[in-house]
Amino acid sequence: MESCDVLVVGGGNAGLSAAITAREAGASVMLLEHAPKALRGGNSRHTRNLRVMHESPAATLIGSYSSSDYWSDLLSVTHGKTDEHLARIAIDGTAELLPWMEAHGARFQPALEGTLGLSRTNAFFLGGGKALMNAYYGAAERLGVCVLYDTEVRSLCLVNGMVGDVSIVKNAVSSLVQPKAVVVCSGGFQANIEWLRESWGDAADNFIIRGTPYAQGVILRNLLEQGAASVGDPTQCHAVAVDARAPKFDGGIVSRLDCIPFSIVVDGAGRRFYDEGEDIWPKRYAIWGRLVAQCPEQIAYAVTDAKSEKLFMPSAFPPIRAESIGELACKLGVDASALEATVRHFNRAVRPGKFDPSALDDCRTEGIAPPKSHWARPMDAPPFIGYPLRPGITFTYLGVGVNENARVLLQDGRSAANLFAAGEIMAGNILGEGYIAGIGMAIGSVFGRIAGREAAKVALA
Ligand SMILES: Cc1cc2nc3c(=O)[nH]c(=O)nc-3n(C[C@H](O)[C@H](O)[C@H](O)COP(=O)(O)OP(=O)(O)OC[C@H]3O[C@@H](n4cnc5c(N)ncnc54)[C@H](O)[C@@H]3O)c2cc1C
């Protein structure tokens with residue numbers, strides 16, 4: 001039987017942050033990753049940025065973004081469904097992250113404007129999450145972390161709050177590892193369609209999973225069944241509208257559709273169902289996955305015209321074009337007379353205003369429900385364009401409860417002796433609902449480092 005001081009389950013951002021930290025604290029560390037080497041890095045390899053508090057401008061960030069600004073942004077999207085103590089630890093912990101990340105190979109882009117307009121709040125990885133993961137794997141290996149790919153952790157034996165044997169499968173061969181401490185960083189359960197069906201029913205079959213197919217929730221379920229405290233609602237997740245033509249798994253960032261504020265969005269019957277211009281896009285993009293999930297057959301269509309085509313990041317798939325709304329409806333498979341009527345009513349309801357795609361402008365509708373509160377312009381400039389939309393699930397929020405040391409909490413109120421969690425598997429402590437761009441990587445980085453430090457302390461005590 002193999003042994004080590006600290007065993008890390010999952011090699012994404014949280015797992016690598018934990019493994020590197022534990023190794024630097026002097027522990028022997030083994031990191032087990034279910035995916036093959038080519039697909040290492042989980043959802044983290046799809047990321048582009050993380051949200052960082054900072055008091056003054058830096059090479060990668062403009063202006064300042066205080067801890068209290070960050071907290072109020074988080075509060076506004078979670079509607080108070082967050083553990084303030086843990087959230088503030090995550091927020092304040094970001095202040096010292098960039099130098100640590102750079103010391104382990106991360107590189108950042110100069111501050112830039114993108115579709116989400118995040119240059120004040122979010123630092124962008126040069127080369128994206130894949131480059132960040134490659135840098136971290138390099139750093140971990142140089143430090144002597146033992147990394148095993150194609151290795152699934154099947155279960156942890158949790159007795160009286162203490163993890164004993166860890167059961168693993170590599171190349172269809174089962175074995176046991178006996179670590180002194182364990183950090184679970186194995187993500188959510190979003191790629192487990194059967195589990196999603198428990199909350200969403202048949203609708204789950206129509207979900208597109210934006211990231212890794214290895215997020216099966218095996219360890220999450222195993223821990224919850226053995227008395228780990230659960231946090232979060234199983235239906236809550238980060239979900240965006242993606243192009244319905246995207247692959248079922250791992251399509252990444254390029255299938256997200258950012259055209260919604262400059263479009264109308266209709267269901268299969270050609271009816272609008274939500275205010276497409278409710279607020280600035282960074283505060284609204286993450287509600288659209290759920291909205292599409294609630295549509296019949298989990299399909300919707302964004303429709304706009306030639307005036308708006310250059311205003312948003314294009315999908316990886318070309319838009320469907322037509323010279324008339326009726327023709328577009330036929331191409332999209334939407335009831336043509338219903339869509340024509342929707343566009344007619346919408347155009348009549350648009351009030352004159354000064355269009356400004358970069359601000360909450362005064363172009364709005366009057367007298368229709370739902371309204372379009374900003375960026376409403378008559379749809380009258382052919383070619384008309386449309387995109388089919390599906391719910392794109394990024395990650396689920398159901399997770400294990402943790403304390404400020406990333407120690408896993410038990411249902412009986414105690415905390416586990418040698419078990420820690422970081423990343424998506426515990427993000428539900430902070431994200432009860434809603435999302436602000438870049439906080440996923442922030443939570444994983446800060447709690448990954450805390451978990452690595454605390455696990456090493458336990459193992460070396
Ligand atoms: C397309 C996309 C874009 C995103 N963009 C951003 C962004 O720009 N900024 C941001 O903050 N967040 C973003 N996110 C969210 C972000 O990816 C996550 O919050 C973050 O990466 C979570 O890190 P993690 O380490 O917890 O999980 P992951 O990076 O998913 O790592 C979990 C790892 O565990 C492994 N694993 C699972 N089960 C087992 C098992 N039983 N045994 C062994 N290994 C196992 C998986 O293979 C995986 O490698 C994005 C997500 C997606 C899908």
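Residues numbered from 1 in each chain as written. Predicted model: local features only at pLDDT ≥ 70, side-chain atom pairs only at ≥ 80, totals over all residues. Heavy atoms only, no water.

(A) Structural detail: the overall build of the chain. Looking only at helices and strands, the chain has 13 helices and 18 strands in total. By the compact-globule yardstick of 23 Å for 461 residues, the chain fits well, its C-alpha radius of gyration being 23 Å. Here the chain holds 461 residues, and the buried ones make up 58% of them. Put simply, the chain shows about 17,100 Å² of open surface, and 53% of that area lies on carbon and sulfur atoms. Computed over 43 positive and 48 negative side-chain charges, the inter-centroid distance for the chain is 3 Å. (Helix = DSSP H or I, 4+ residues; strand = E, 2+ residues; numbered from the N terminus. Rg over C-alpha atoms; globule rule 2.2 N^0.38 Å. Buried < 20%, exposed > 50% of the residue type's maximum accessible area, 1.4 Å probe, protein only. Areas by Shrake-Rupley, 256 points an atom, 1.4 Å probe, with all protein chains shown as cover. Lys, Arg positive; Asp, Glu negative; His and termini not counted. Charge placed at Lys NZ, Arg CZ, Asp CG, Glu CD.)

(B) Spatial organisation of the environment of Asn160. When you line up the elements, Asn160 lands in the loop between strand 6 (151-159) and strand 7 (162-170). For Asn160, a relative accessible area of 66% gives the class exposed. The spacing of Asn160 and Ala27 is 133 residues in sequence and 24 Å in space, taken between C-alpha atoms.

(C) How the structure looks around the site of the ligand. Looking at the ligand, there are 37 residues lining it, with Glu33, Asn43, Ser44, Asn49 and Met441 nearest. A distance of 3.5 Å is found between an oxygen atom of the ligand and a backbone nitrogen or oxygen belonging to Gly41. Between the ligand and Met441, the relevant distance is 2.7 Å, taken from an oxygen atom to a main-chain nitrogen or oxygen of the residue. Considering the ligand on its own, with 1,000 Å² of exposed area, one finds that the protein chains cover 97% of that surface. Looking at the shell around the ligand, the elements that each hand over two or more residues are helix 1 (13-24), strand 6, strand 15 (384-396) and helix 13 (439-460). Across the shell around the ligand, the residue classes break down as twelve nonpolar, 20 polar and five charged. (Near = heavy atom within 4 Å. Polar contact = N/O pair within 3.5 Å; in protein donor to acceptor, adjacent residues only side chain to side chain. Nonpolar A, V, L, I, M, F, W, Y, C, P; charged D, E, K, R; others polar.)

(D) Quick peek at the pairing of strand 11 (residues 237-243). In terms of residue burial, strand 11 counts as a mostly covered element, since seven of its seven residues are buried. Note that strand 11 and strand 15 share seven bridges and pair antiparallel. Its bridge partner lying in strand 15, Ala239 is registered against Ile393. (Pairing = 2+ DSSP bridges.)

(E) Layout of the domain arrangement of the chain. Splitting the chain by domain gives domain 1 (2-232 + 397-460) and domain 2 (239-392). Distance between the C-alpha centres of domain 1 and domain 2: 33 Å. Across the boundary between the two partners, domain 1 contributes 23 residues, which contact 26 residues of domain 2. For the pair domain 1 and domain 2, the summed buried surface comes to about 2,200 Å²; carbon and sulfur atoms form 58% of the total. Put simply, domain 1 and domain 2 have one salt bridge between them. For Arg45, the salt bridge identified is with Asp250, shortest N-O distance 2.6 Å. Counting every contact that joins domain 1 to domain 2 gives 13 residue pairs in polar contact (both at pLDDT 80 or more). Taken together, the elements giving at least two residues each to the side of domain 1 that touches domain 2 come down to helix 6 (193-200) and strand 9 (208-209). (Domains from an automatic or database assignment. Contact = heavy atoms within 4.5 Å. Buried area = accessible area lost by both parts, 1.4 Å probe. Salt bridge = Lys/Arg side-chain N within 4 Å of Asp/Glu carboxyl O.)

(F) Here's a closer look at the packing of aromatic side chains. Considering all chains together, one arrives at 14 aromatic pairs under this definition. Taking the centre distance of 6.2 Å and the plane angle of 75° together, the rings of Phe312 and Tyr387 count as edge-to-face. Of this pair, Phe312 sits in the loop between strand 13 (300-304) and strand 14 (320-322) while Tyr387 sits in strand 15, and the two are 75 residues apart along the sequence. The pair formed by Phe312 and Tyr387 is uniform in burial state, with each residue classed as buried. In textbook terms, an aromatic cluster arises when at least three aromatic residues are bridged by ring pairs, as seen for Phe262, Phe355 and Trp375. Its end group placed over the ring of Trp195, Arg221 keeps NZ or CZ at 4.1 Å from the ring centre. A cation sits over an aromatic face here: Arg377 above Phe355, 3.5 Å from the ring centre. (Phe/Tyr/Trp six-rings, centres within 6.5 Å; stacked < 30°, edge-to-face > 60°. Lys NZ or Arg CZ within 6 Å of the ring centre and 35° of its normal.)

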